[in-house]
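Breakdown of the fold
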Amino acid sequence: MNSRLLEILIGSLPKILLPGIAYTIPLTLISFAIGIVIAILVAVTRVMKIKVLSQFFQFYVWVFRGTPMLVQLFIIFYGLPNIGFNIDAFPSAIIAFSLNIGAYASETIRGSILSIPKSQTEGAVACGLTIWQTMIHIVLPQAIKNCIPALFNSFISLVKDTSLAANITITEMFMATQRIVAVTYEPLALYIEVAAVYLLFSTGLTYLQRYTEKKLSKNSSVSPA
């Protein structure tokens, strides 16, 4: 590696990390939080088989799981202005990522809810709880706990998927790298560098996932006194 290339890589690292802190991380956290709320609402509604809403959410999941996230981004940011809805780039990305995560995570949570033994629901209802109280206080907490590993995987994937936001003018890490490449003409080294940054983020989250899983495993193995 020549001294010029090394100087470019060292100088570009802060220019890549700063957009990561300013855009990539907030975009991931906000979108995932909203997406999980959507996912829980969709999963519970479908499990409870609420008329009309259940069918609407089934259609929503079908659409967002069956189309590319990049297309969803383009429809929201570039397409909606044609019918009078002008949404800035950052909110557009949040909407697209949240709806996408909501669709995928809802299936994970729904499957986890359905895996809870029916005897628990029947026992809670027999003790005087309504079906909604049983769902909120007994079934849903267990279901969320059981699917935390899968949800963590979705979160890690979202960190990488935020690079798609570069296509709608958001200066996150990937777009910042593209701009540096346009000036330095060193695409291979710089794209490897930004890949390493994404890998670093994902690896840190993977270790956090393993730690969380171990904690949950220990807590679930503790027998009541």
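Quick look at the structure, then.

This paragraph deals with the overall build of the chain. Within the chain one finds nine helices and zero strands. For the chain, the sequential pattern of α-helices and β-strands runs α-α-α-α-α-α-α-α-α. Overall size of the chain, expressed as C-alpha extent along the three principal axes, is 75 × 55 × 25 Å. Of the roughly 12800 Å² that the chain leaves accessible, carbon and sulfur atoms contribute 68%. In the chain, the 15 positive side-chain charges and the 9 negative ones have mean positions that sit 12 Å from each other.

In this section: the environment of I50. Within the secondary structure layout, I50 lies in the loop between helix 1 (3-48) and helix 2 (53-66). Those residues in contact with I50 that sit more than four places away from it in its chain are T45 and W132.

Before going further, it helps to spend a moment on helix 8 (residues 173-184). Taking 1.5 Å per residue, twelve residues should reach 16 Å; helix 8 reaches 16 Å between its end C-alpha atoms and fits that length. Within helix 8, burial applies to M173, M175, A176, T177, I180, V181 and T184. N-capping of helix 8 is provided by E172, with a side-chain oxygen placed 2.9 Å from the backbone N of F174.

A surface patch of nonpolar side chains, about 380 Å² in accessible area, is lined by L18, I21, I25 and L29. With respect to the helices and strands, L18 occurs in helix 1. We classify L18 as exposed; its relative accessible area is 56%.

On to the nonpolar core, then. Within the largest apolar cluster, 34 residues are counted, with the highest numbers of intra-cluster contacts made by F32, A93, F97, I109, I113 and L151. For this core, the secondary structure elements donating two or more residues are helix 1, helix 3 (69-79), helix 4 (89-115), helix 6 (131-146) and helix 7 (148-161). A per-element tally of this core places helix 4 first, with nine residues. Counting residues in hydrophobic clusters, the runner-up holds twelve residues, among them I8, L9, I180 and V194.

Before going further, it helps to spend a moment on the layout of surface pockets. In this structure, the largest pocket spans a volume of roughly 350 Å³. Taken together, 14 residues make up the lining of the largest pocket; nearest its centre are V47, I113, L114, K118 and T121. At the level of elements, helix 1, helix 4, helix 5 (118-126) and helix 6 are the ones that each hand at least two residues to the lining of the largest pocket. Residue classes in the lining of the largest pocket are distributed as nine nonpolar, one polar and four charged. The computed volume of the second largest pocket comes to approximately 180 Å³. Taken together, M69, N100, I101, Y104, T108, S154, S157, L158 and D161 make up the lining of the second largest pocket. Mapped onto the lining of the second largest pocket, the elements with two or more residues apiece are helix 4 and helix 7. Here the residues of the lining of the second largest pocket are counted per class, giving four nonpolar, four polar and one charged.

Moving on, we come to a positive patch on the surface. A cluster of basic side chains, namely R210, K214, K215 and K218, defines a positive patch on the protein surface. Looking at the secondary structure, you find K215 in helix 9 (residues 187-221).

This part covers the environment of P141. Within the element layout of this structure, P141 appears in helix 6. Between the C-alpha atoms of P141 and A105, which are 36 residues apart in sequence, the distance is 15 Å. Beyond its immediate sequence surroundings of up to four residues, P141 is in contact with M135 and I136.

A word on the side chain of E172. Among the structural elements, E172 can be located in the loop between helix 7 and helix 8. We note that E172 is buried and unpaired, the nearest opposite charge coming from R179 at a distance of 8.9 Å. Only 2.8 Å separates the side chain of E172 from the backbone nitrogen of M175, close enough to count as a polar contact. Every residue in contact with E172, bar those within four places of it in the chain, is listed here: P19, Y23, T24, T162, S163, A165, A166 and Y198.

Criteria and thresholds
Residues numbered from 1 in each chain as written. Predicted model: local features only at pLDDT ≥ 70, side-chain atom pairs only at ≥ 80, totals over all residues. Heavy atoms only, no water. Helix = DSSP H or I, 4+ residues; strand = E, 2+ residues; numbered from the N terminus. Areas by Shrake-Rupley, 256 points an atom, 1.4 Å probe, with all protein chains shown as cover. Lys, Arg positive; Asp, Glu negative; His and termini not counted. Charge placed at Lys NZ, Arg CZ, Asp CG, Glu CD. Contact = heavy atoms within 4.5 Å. Expected span 1.5 Å × (residues − 1). Buried < 20%, exposed > 50% of the residue type's maximum accessible area, 1.4 Å probe, protein only. Polar contact = N/O pair within 3.5 Å; in protein donor to acceptor, adjacent residues only side chain to side chain. Patch = residues over 30% accessible without salt bridge, like charges linked within 9 Å, V, L, I, M, F, W, Y side chains within 5 Å. Salt bridge = Lys/Arg side-chain N within 4 Å of Asp/Glu carboxyl O. Core = buried A, V, L, I, M, F, W, Y, C linked by side-chain atoms within 4.5 Å. 1 Å grid on protein atoms, 1.4 Å probe; cavity = no way out; pocket = protein on both sides within 12 Å on 5 of 7 lines; lining within 4 Å. Points joined across faces, edges and corners; volume = space filled by probe spheres on them. Nonpolar A, V, L, I, M, F, W, Y, C, P; charged D, E, K, R; others polar.

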